[in-house]
Amino acid sequence: MTQTADVAPPTTGRRSKAAARPGGGTHRLHRSEHRWALAFVAAPIIGFLLFTLYPIGFAVYASLTSWNGLGPMTFVGLENYVTLFQDEYFRIALYNTFFYMLGIPIGLALSLVLALALNRRIPGRTAFRAIYYVPVISSLAAIAIVWQFAYNGDFGLINQVLAWFGIDGPDWLQNTATVKPAIIIMAIWKGLGYSMLLYLAAIQGVPASLYEAAALDGANAWQRFRSITLPMVRPVTFFLVVTSIIAGSQIFTEINIMTPAGGPEFSSASVVWYIFRKAFKYQQMGYATTMAVVLGLLVFAITLIQFRINRRNDFSID
Amino acid sequence: MKKNRLIAGALCAAVAGTLTLTACSDGGDGASDSGEKEITFMFRGGPDEKAAYEAAIKKYTEDTGVKVKVIVTDADQYATKLQASVAGNNVPDVFYVEQATLQSYVSSGVLMDITEQVEASGVDLDNIWSYGVDSYRFDGTLQGTPEGALYALPKDIGPFSFGYNKTMLEAAGIPLPDKDEPLTWDQFVDISKQLTVDTDGDGAIDQWGTGLNVQWNLQSMVWSNGGDWTNEDRTEVTVDTPEFAEALQKFADLTNVEKVTPSASDAATLDTYQRWMAGEIGFFPVGPWDVSVYNELDFDYDLIPWPAVGDAGTATWIGSLGIGVSATTKHPEDAVKLVTYLSTDADAQQTLVDANIQIPNLVDMAETWAAEEGAEPANRQEFLDIAQDYGRAMPAAFTYGAEWYDELWTNIQPVLDGEQTAADYLAEEQPKMQALLDESNATAEQAAAGK
């Protein structure tokens, strides 16, 4: 029965497409294509169900239990959520996590400036591009250890450099006032290359005709940047803001390595660091999961708002 | 028809792809392909420990014919990895267990009761430090008592001793402290002051009397002053007593009043540890695990009892790590044998002791070891005195989790910087710690009842 199709699938396939069009997809071969499509679609969907949806559902359930991560779970209803809203450390950790995000606009501005600079024909351009990208591909754990040494109050690189200018630098990571800025500086440095690369690509994608037209109209360099470059790289900015906030809300590795005890007076602890500590040090997996669920909801809400704002802006540009 | 089958095949492949992921992680237990038995042993440690264990395990395999698959992790990652293996139902047959998490592993049915197998194996438990063995006994309500069922054997016990830089004291013309008579606190501060000097005359102090870390050294000071973290049955937090406050105040005063340590912000272990090793610090703690490194230093050092703050006698803590067996192991006998081997076999112990990372677990062997002529440090006996005589368990070693205990350190910096008095701080902390301890005790009861 299926012999014709099997013998010469390419030709019949092509012909059948043309033939099937007026018929509206009732052709047997067309149906089989659909089935194939479904099979291919099934793979990621099954993956999503197994590795995303199921764990989320499991986490929501676990957040309603008292569970040490080893033994059976005891259902306790919303008790963990009540505890969470009274947990002073969670509040501090949440504050710290948002504080770290202050680095995002600074990092984006810097990387845009860098991208603009490296888009010009300056000597050693390729070398600079590579140098700024090196931190991105380096291991975060290794970088955190290096920066930990750099921030050392006595013999750290940072304070040695400050000493040249007669500044007596603080012991960065041991001081409640400086530990968060110190980590922000490191995070900006680490992420600079990635944002720069995306901006560079976006800038190069701006049609030269726009600049020419603007130049003919007498626009100066700043006006061209304000009215052409900036709006044209907006999609990249939006992408970077959204992904940076999602990644920033999960900041953990550098905190755990540079300040293993959460910093002096809990001043560097992030939410994920606190979750990790509760789950794996104190065996409070149920409560830790509650915090993870709340953090996930917060990130989801923030991202949703961002998409709303972005959509509104799009209309105003059109 | 054929295509339908192909589609089904594709679907199967997609599903199987995800399944093989779980199947792949299911290695390690059961018999290997050649029909030989294999058990897994997961531990954490540095290169010295790794080398020592490899030798000990090699001998075990030669003796028993059972292969051991070793999984080593970083200290930071161990807890995470072990918990993941429990969640994944793939617990290593033999693994390290901490004193403070023993109860949760027992009540969750992860650890096997090895009392009978160990007895049957003919191991003389009386010849192992009783502190080490009792640490892993748990009777369902209390841990650390001699009557409970045995859930692990000690990997080691770590008597946390105190040392001094002999070369530095001799150069300063200070009589060496007595190895049997603990220094009084005033004597200790006095010597420390004499040692805190600017040796090269550049106007900056570059040699200090001491440089202690509050998390590891406060215990000795509090205990020797008659204070403690909790009452006897670990239900009440007693950090707000005058004895406790005095000890903590004296700790902070070393930096702020006596000025015999590097500044408070430098008190993070790394810095004073590095300075001690560079020969810039007079008095510094010494654990058995430090000996291999300290013996390579450019100066001589020796051990003394901890200086006593009050009149409750010298005191310090003994750390310990246990080696337990999974309740789900397919080879309980072989697994318990590996535990007894790592913990008590004389040859295996010798390998570990030769690496200078621990004291022998066997009492008779330790006594010979301590009496060795020309040993470094000369006063090895101090480690044994702590193990046998005046060492205590860490305050949170036998409670259900250590969160209540860690709480004390979280906000302590202002006290160390001299911005807040110890008494004020401890009065603030006591209720917080009490709440956490109550919670931990309630969880322990729940877990015991649920079992």
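Residues numbered from 1 in each chain as written. Chains lettered and ligands numbered in written order. Predicted model: local features only at pLDDT ≥ 70, side-chain atom pairs only at ≥ 80, totals over all residues.

## Quick look at the overall build of chain A
Looking only at helices and strands, one finds 16 helices and two strands in chain A. Nonlocal contacts in chain A, meaning residues at least 24 apart in sequence, comprise 66% of its contacts between residues at least 6 apart. (Helix = DSSP H or I, 4+ residues; strand = E, 2+ residues; numbered from the N terminus. Contact = placed C-beta atoms within 7 Å.)

## A word on the overall build of chain B
Counting secondary structure elements, chain B contains 19 helices and twelve strands. For a compact globule of 451 residues, the expected C-alpha radius of gyration is about 22 Å, and chain B comes in at 25 Å, within 12% of that figure. With the principal axes as the frame, chain B shows a C-alpha extent of 90 × 50 × 50 Å. Relative to its 451 residues, chain B shows a buried fraction of 45%. (Rg over C-alpha atoms; globule rule 2.2 N^0.38 Å. Buried ≥ 20, exposed ≤ 12 C-beta atoms within 10 Å, placed from the backbone.)

## Topic: the nonpolar core
Nonpolar side chains in soluble globular proteins generally cluster together in the buried interior. All names here are of chain B. Grouped together as the largest cluster of nonpolar side chains are 62 residues, with contacts concentrated most on A56, V94, I114, Y151, L338, V339 and A387. A per-element tally of this core places helix 13 (residues 332-344) first, with six residues. For L338, the residues in contact, after removing those within four places along its chain, are I39, F41, Y60, V68 and V94. Listed in part, the 52 residues of the second largest apolar core include L183, I191, A396 and M433. (Core = buried A, V, L, I, M, F, W, Y, C linked by C-beta atoms within 7 Å.)

## A closer look at unusual backbone geometry
All names here are of chain B. The peptide bond linking E376 to P377 adopts the cis configuration, its omega dihedral lying at -5 degrees. Within the fold, P377 resides in the loop between helix 15 (363-371) and helix 16 (381-390). Phi is positive for K259, which is not a glycine, with a value near 55 degrees. Considering the arrangement of structural elements, one finds K259 in the loop between helix 10 (242-256) and helix 11 (269-277). Positive phi, normally seen in glycine, also occurs at N356, with a value near 60 degrees.

## Regarding the packing of helix 5 (residues 88-100) of chain A against helix 10 (residues 179-204) of chain A
Residues and elements named next belong to chain A. With their axes 10 Å apart at the nearest point, helix 5 and helix 10 run at an angle of 40 degrees to one another. Viewed along their axes, helix 5 and helix 10 adopt a mutual orientation that is oblique. You can see that helix 5 and helix 10 cross each other, and the crossing is right-handed. On the side of helix 5, the interface is formed by N96, F99 and Y100, while helix 10 contributes K180, I183, I184 and A187. In terms of residue class, the contact of helix 5 with helix 10 is built from five nonpolar, one polar and one charged. (Axes fitted to C-alpha atoms, helices over the stretch in contact; angles between N-to-C directions. Parallel < 35°, antiparallel > 145°, perpendicular 65-115°, else oblique. Left-handed = near helix turned anticlockwise from the far one by under 90°. Nonpolar A, V, L, I, M, F, W, Y, C, P; charged D, E, K, R; others polar.)

## Notes on the sheet that holds strand 10 (residues 301-304) of chain B
Residue and element names in this part refer to chain B. Spatially, 8-9-7-10 is the arrangement adopted by the four strands of the open sheet, whose pairing is mixed. Of all the strands in the sheet, the pair left with one neighbour each is strand 8 (208-210) and strand 10. With strand direction ignored, the average angle separating the axes of adjacent strands in the sheet is 30 degrees. Sitting on the sheet, helix 8 (residues 185-195) is in contact with strand 8 and strand 9 (281-286), with an inclination near 155 degrees to strand 8. (Pairing = 2+ DSSP bridges.)

## Examining the pairing of strand 9 of chain B
All names here are of chain B. The buried fraction of strand 9 is high, at six of six residues. Relative to strand 9, strand 7 (residues 161-165) runs antiparallel, the two sharing four bridges. Bridge pairing links S161 to V286 in strand 9. Summarising the sheet, strand 8 and strand 9 pair through two bridges and their orientation is parallel. Bridging across to strand 9, T210 finds its partner in F283.

## A closer look at the pairing of strand 7 of chain B
Residues and elements named next belong to chain B. Counting buried positions along strand 7 gives five out of five residues, so the element sits mostly inside the fold. Burial of strand 7 is two-sided: the residues S161, G163 and N165 facing one way and the residues F162 and Y164 facing the other way are all buried. The pairing of strand 7 with strand 10 spans four bridges and is antiparallel. Looking across to strand 10, one finds that G163 is bridged to L303.

## Thoughts on the environment of V291 of chain B
Mapped onto the elements, V291 of chain B comes out in helix 12 (residues 291-294). Expressed as a C-alpha distance, the spacing of V291 of chain B and P377 of chain B, which sit 86 residues apart in the sequence, is 7.9 Å.

## Examining the environment of V272 of chain A
Residue and element names in this part refer to chain A. If you trace the backbone, V272 turns up in helix 15 (residues 271-281). Expressed as a C-alpha distance, the spacing of V272 and I251, which sit 21 residues apart in the sequence, is 6.7 Å. Not counting residues within four places of it along the chain, the set of residues in contact with V272 comprises Q250, I251 and F252.

## Focus on the confidence of the model for chain A
All names here are of chain A. Mean pLDDT over chain A: 87, with 90% of residues reaching 70 or higher. Averaged pLDDT values for the elements of chain A fall to 42 in helix 1 (residues 3-7) and rise to 96 in helix 5. Note that residues 1-23 has pLDDT below 50 and, in this model, 14 contacts with residues that lie over four places away or in other chains. (pLDDT = per-residue confidence, 0-100.)

## Considering the packing of helix 7 (residues 125-137) of chain A against helix 10 of chain A
All names here are of chain A. Contact geometry of helix 7 with helix 10 gives a least axis separation of 7 Å together with a crossing angle of 120 degrees. The crossing of helix 7 and helix 10 is left-handed. Between helix 7, through Y132, Y133, P135 and V136, and helix 10, the contact on the second element is made entirely by W189, K190, L192, G193, Y194, M196 and L197. Classifying every residue of the contact of helix 7 with helix 10 gives nine nonpolar, one polar and one charged.

## Topic: the environment of L49 of chain A
Within the secondary structure layout, L49 of chain A lies in helix 3 (residues 28-62). Along the chain, L49 of chain A and R28 of chain A lie 21 residues apart, while their C-alpha atoms are 30 Å from each other.

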